[in-house]
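Coordinate analysis (summary)
Here is what each chain is made of, one letter per residue.
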Amino acid sequence: MIADQTRSWSDRNPDDCAVYTKGVHKAYRRGAAATPVLEGIDLAVDRGRCVYLAGPSGSGKTTLLSILGCILSADQGTVRILGEDVGSIGRDERTTLRRTRLGFVFQRFHLIRGLNAINNVCVPLVLQGLTRPKAQVRAMALLEAVGLADRAGVDPRNLSAGQCQRVALARALAGDPELILADEPTASLDAANGQEVMALLKRLTVEQGKTAVVVTHDPRIFHFADRILHLENGRIMDRAEQPAAAMAAAGG
Amino acid sequence: MWSLALETLAADRGKLLTALVGVVFSVVLVNVQGGLFLGLINKAGLLVDHGQADIWVGHKQMHNVDFPRDIPRRWVHRIRGIPGVRQAEPYLVGFSEMTLPSGGFEGVVVVGLDGESLLGNAWNVEEGRPDAILQPDGVIIDQCEGQKLEYPKLGEVREVGGRRARIVAMSRGIMGFLVAPYVFTTYERAAEYLHKSPDLCSYFLVELAPGADAAAVCDAICRYIPEADAFPKNHYSWISINFWMTRTGLGISFGAATLLGLFVGMVMVAQTLYALVLDRLGEFGTLKAIGATERQVYSILLAQAIVMATVGSLIGLVLVLGIQHFYSTPRAPILVPWWLSLGGCALVLLICLVSSLLPYQRIRKVDPMMVLQS
């Protein structure tokens, strides 16, 4: 069991953890053939922590993130997100959990075309049933927080990649989620923008007491993590407690 | 959801325009085809609709105002004796020929009416006066039939049924379902033009006393004269219209063309919505990933379909008004009553909603996992 604090596994109450998994297995099936992707993932992330999932392509990082984001179901094992046993709830409840308690940042931003920056940030709020004026007040505050208040009315096509990711970050925070899940958030950014976005993510999650799980293989941003878990062949291999150790392991 | 749907729809202007063309096409087609049909079919009951009579009495099983069967004129006395009848006058309708200045002839429908009451006379008289038919040899014809009748002038003398006829007034817009122009004159003169005995007529036009019940009077007339049928004005107009509808397949051909137009519109809207969805699969995946329910996702499509239908319908209706204004003529009237426009738009809305089901099936299959795999 990999825990992000030094307490032993037996001491931990799954309900106190933002993320708690035990014996998670996942395989992708094509016909009769099954390719295992995750093999017995045990993980506990305390609330308010920023944990990175690192590892080479095909190691199962994104699959694990999808399971933690209630987008994918585990074949086997226990997954508790923010105290909810997501294996025992239905699709609608998982959708509600994503909408109300989780925030997502994607590698390619996935902003909605045709909506300007502020309206993109409004989307999760509108999905939560907020009226457009109330949503825009909240969205503007978030754009200010990410330093894009003056770009609120700009179409994302006219924003730089770094600015788009900051809009996506504001969108992820819009619904006031307890857990932020980020998938390779710096992969489409240059080094400077990557540092800037991750610093912002770190600052906002710390300021607002959020938990963050970040998938990345970018060693340049490891220093923002409270803890780095190294995945390989569907297993957590690296149990380094300090970011520096993981950076060394990754050659960063 | 509405704002999200509208803004994303407006962002794809090319596709929006394509869909709007489909909707506008459907709305215009339904309204203009329907309007032409109504305009044409309403001509079948033209004499009845404008005849000023409350009840039409004719031979048993009469089925078309332009094709009457002779009945004895003396029945009029029995009708006048029925309670609730204020006035009853004989009316003659029959086919004859008018000579033309070029030496040719043109088939005409002669309409003979009571000279005193002028019940069933020509309307919309624009040249001369309606009562001018009381003048010797006086007839009223319609200006719009000028081409067929070689542009007769007021005061010009022609022959109808081999008898002298002088054009004393001209109406505008009295063009029946038949190709033969109407010629209005007095009952007696019409009998001459038609070479009929003045003891026979085609109909009795009945005006009701104030407060009299049309259905009750019709029943009484049929009881007193078992060989006759009597119908309230609207009913007989419908019988005349139904005659052409059922015996010519007119309704089917117009209806088929309209349905075809609706189908084309539906395909265009469905195709456009589908293309919009295909183009935005990733975005729908994103919405699902961040917690949009199936219902919310479908409501975006529905909202887009409703917007397309509403905007397209409004543009279509404006075009229909323009077409009606510039192209509706007495020969080919385009009648677009409010219920046709409303019904047409409702149908188009329904089609747009149905069209949104096809792309929805595609969206349902979108796995939010796709946004994490890119």
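Residues numbered from 1 in each chain as written. Chains lettered and ligands numbered in written order. Predicted model: local features only at pLDDT ≥ 70, side-chain atom pairs only at ≥ 80, totals over all residues.

**A look at the overall build of chain B**
Counting its secondary structure elements, chain B contains 13 helices and 12 strands. A compact globule built from 374 residues should have a C-alpha radius of gyration of about 21 Å, whereas chain B, at 29 Å, is more than 25% larger. C-alpha atoms of chain B, sized along the principal axes, occupy 95 × 50 × 30 Å. Taking all 374 residues of chain B together, the buried fraction comes to 44%. Of the contacts made within chain B by residues no fewer than 6 positions apart, 82% connect residues no fewer than 24 positions apart. (Helix = DSSP H or I, 4+ residues; strand = E, 2+ residues; numbered from the N terminus. Rg over C-alpha atoms; globule rule 2.2 N^0.38 Å. Buried ≥ 20, exposed ≤ 12 C-beta atoms within 10 Å, placed from the backbone. Contact = placed C-beta atoms within 7 Å.)

**Details of the overall build of chain A**
Scanning chain A from terminus to terminus reveals seven helices and 11 strands. Of all 252 residues assigned to chain A, the portion counted as buried reaches 50%.

**Some thoughts on the pairing of strand β6 (residues 138-142) of chain B**
Side chains on a regular strand alternate between the two faces of the sheet. Most of β6(B) sits out of view: five of its five residues are buried. Here β6(B) shows two buried faces, one formed by B:Gly138, B:Ile140 and B:Asp142 and the other by B:Val139 and B:Ile141.

**Some thoughts on helix α10 (residues 294-327) of chain B**
All names here are of chain B. The end-to-end C-alpha distance of α10, which contains 34 residues, comes to 47 Å, matching closely the 50 Å that a straight helix rising 1.5 Å per residue would cover. The set of residues buried in α10 consists of Ile300, Leu301, Gln304, Ala305, Met308, Ala309, Gly312, Ser313, Gly316 and Val320. Looking at the buried residues of α10, the elements they touch are α1 (2-11), α2 (13-42), α8 (250-279), α11 (338-355) and α12 (357-364). (Expected span 1.5 Å × (residues − 1).)

**Examining the interface of chain A and chain B**
Between chain A and chain B, the contact holds 24 residues from the first and 22 residues from the second. For the side of chain A that touches chain B, the secondary structure elements donating two or more residues are α1 (61-68), α2 (91-101) and α3 (117-127) of chain A. Looking at the side of chain A that touches chain B, the element that brings in the most residues is α3(A), giving five residues. Of the residues in the side of chain A that touches chain B, the class split is 11 nonpolar, seven polar and six charged. (Nonpolar A, V, L, I, M, F, W, Y, C, P; charged D, E, K, R; others polar.)

**Some remarks on the pairing of strand β3 (residues 85-99) of chain B**
All names here are of chain B. Relative to strand β11 (residues 203-208), β3 runs antiparallel, the two being bridged by six bridges. Residue pairing for β11: proline 90 is matched across the bridge by phenylalanine 204. Sheet topology places β3 next to strand β4 (residues 105-113); eight bridges connect them, and they run antiparallel. The partner of leucine 92 across the bridge, within β4, is glycine 112. The loop that links β3 with its antiparallel partner β4 comprises five residues; one of these, glycine 103, has a positive phi angle of about 100°. (Pairing = 2+ DSSP bridges.)

**Here we look at the domain arrangement of chain B**
Each assigned domain of chain B is listed with its residue range as follows: domain 1 (2-42 + 249-373) and domain 2 (61-226). With centres defined by C-alpha atoms, the gap from domain 1 of chain B to domain 2 of chain B works out at 48 Å. (Domains from an automatic or database assignment.)

**A short note on the nonpolar core**
Counting 125 residues, the largest nonpolar core has A:Val19, A:Val121, A:Val213, B:Val23 and B:Val269 as the members making the most contacts within it. No other element matches the 13 residues that α2(B) contributes to this core. With residues up to four places along the chain from it excluded, the contact list for B:Val23 reads B:Gly265, B:Val269, B:Met308, B:Ala309, B:Gly312, B:Ser313, B:Gly316, B:Val348 and B:Cys352. With 56 residues, the next largest nonpolar core counts B:Val85, B:Tyr203, B:Phe204 and B:Val206 among its residues. (Core = buried A, V, L, I, M, F, W, Y, C linked by C-beta atoms within 7 Å.)

**Notes on α8(B)**
Count 3.6 residues to each turn of an α-helix, and residues three or four apart come out pointing the same way. All names here are of chain B. An ideal rise of 1.5 Å per residue puts 44 Å on 30 residues; α8 measures up with 43 Å between its terminal C-alpha atoms. The complete set of buried residues in α8 reads Thr258, Leu262, Gly265, Met266, Met268, Val269, Ala270, Thr272, Leu273, Leu276 and Val277. The secondary structure elements touched by the buried residues of α8 are α2, α9 (281-289), α10, α11 and α12.

**Describing the packing of α2(B) against α8(B)**
Packed helices, taken two at a time, are described by the angle between their axes plus the distance between the axes. Residues and elements named next belong to chain B. Following both chains from N to C, one finds α2 and α8 inclined at 170°, their axes separated by 8 Å at the closest point. The angle between α2 and α8 places the two elements in the roughly antiparallel class. Along the lines of polarity and charge, the residues of the contact of α2 with α8 split into 18 nonpolar, nine polar and one charged. (Axes fitted to C-alpha atoms, helices over the stretch in contact; angles between N-to-C directions. Parallel < 35°, antiparallel > 145°, perpendicular 65-115°, else oblique.)

**What about unusual backbone geometry?**
Residue and element names in this part refer to chain B. Of note in this structure, leucine 118 is not a glycine but carries a positive phi near 55°. The residue aspartate 137 is not glycine, and still its phi comes out positive at about 60°. Within the element layout of this structure, aspartate 137 appears in the loop between β5 (125-127) and β6. Residue aspartate 137 is classed as partly exposed on the basis of its C-beta count, with 18 C-beta atoms lying within 10 Å.

**Overview of the confidence of the model for chain A**
Residues and elements named next belong to chain A. Taken as a whole, chain A shows an average pLDDT of 84; of its residues, 90% reach a score of 70 or greater. The low-confidence segment residues 1-6 (pLDDT under 50) makes 19 contacts with residues lying over four places distant or belonging to another chain. For the stretch residues 248-252, pLDDT sits under 50, and the model shows 10 contacts to residues farther than four places along the chain or on other chains. (pLDDT = per-residue confidence, 0-100.)

**Examining the environment of A:Leu72**
You can see A:Leu72 is positioned in the loop between α1 and β5 (76-81). The exposure class assigned to A:Leu72 is buried, which follows from the 23 C-beta atoms found within 10 Å. Taking the C-alpha atoms as reference points, A:Leu72 and A:Lys26, separated by 46 residues in sequence, lie 9.5 Å from one another. Sequence-distant contacts of A:Leu72, that is, excluding residues within four places in its chain, are made with A:Thr63, A:Ser66, A:Ile67 and B:Met369.

**Looking at the environment of B:Pro90**
Following the sequence through the fold, B:Pro90 ends up in strand β3. With 89 residues separating them along the chain, B:Pro90 and B:Val179 place their C-alpha atoms 25 Å apart.

**Details of the packing of α10(B) against α11(B)**
All names here are of chain B. It is at 9 Å that the axes of α10 and α11 come closest, and there the two elements cross at 150°. When the interaxial angle is binned, α10 and α11 end up roughly antiparallel. Like other packed secondary-structure pairs, α10 and α11 cross with a definite hand, here right-handed. Note on element contacts: α11 touches α10 through Ser341, Cys345, Val348, Leu349, Cys352, Leu353 and Ser355, opposite Leu302, Ala305, Ile306, Met308, Ala309, Gly312, Ser313 and Leu317. Counted by class, the contact of α10 with α11 contains 11 nonpolar, four polar and no charged residues. (Left-handed = near helix turned anticlockwise from the far one by under 90°.)

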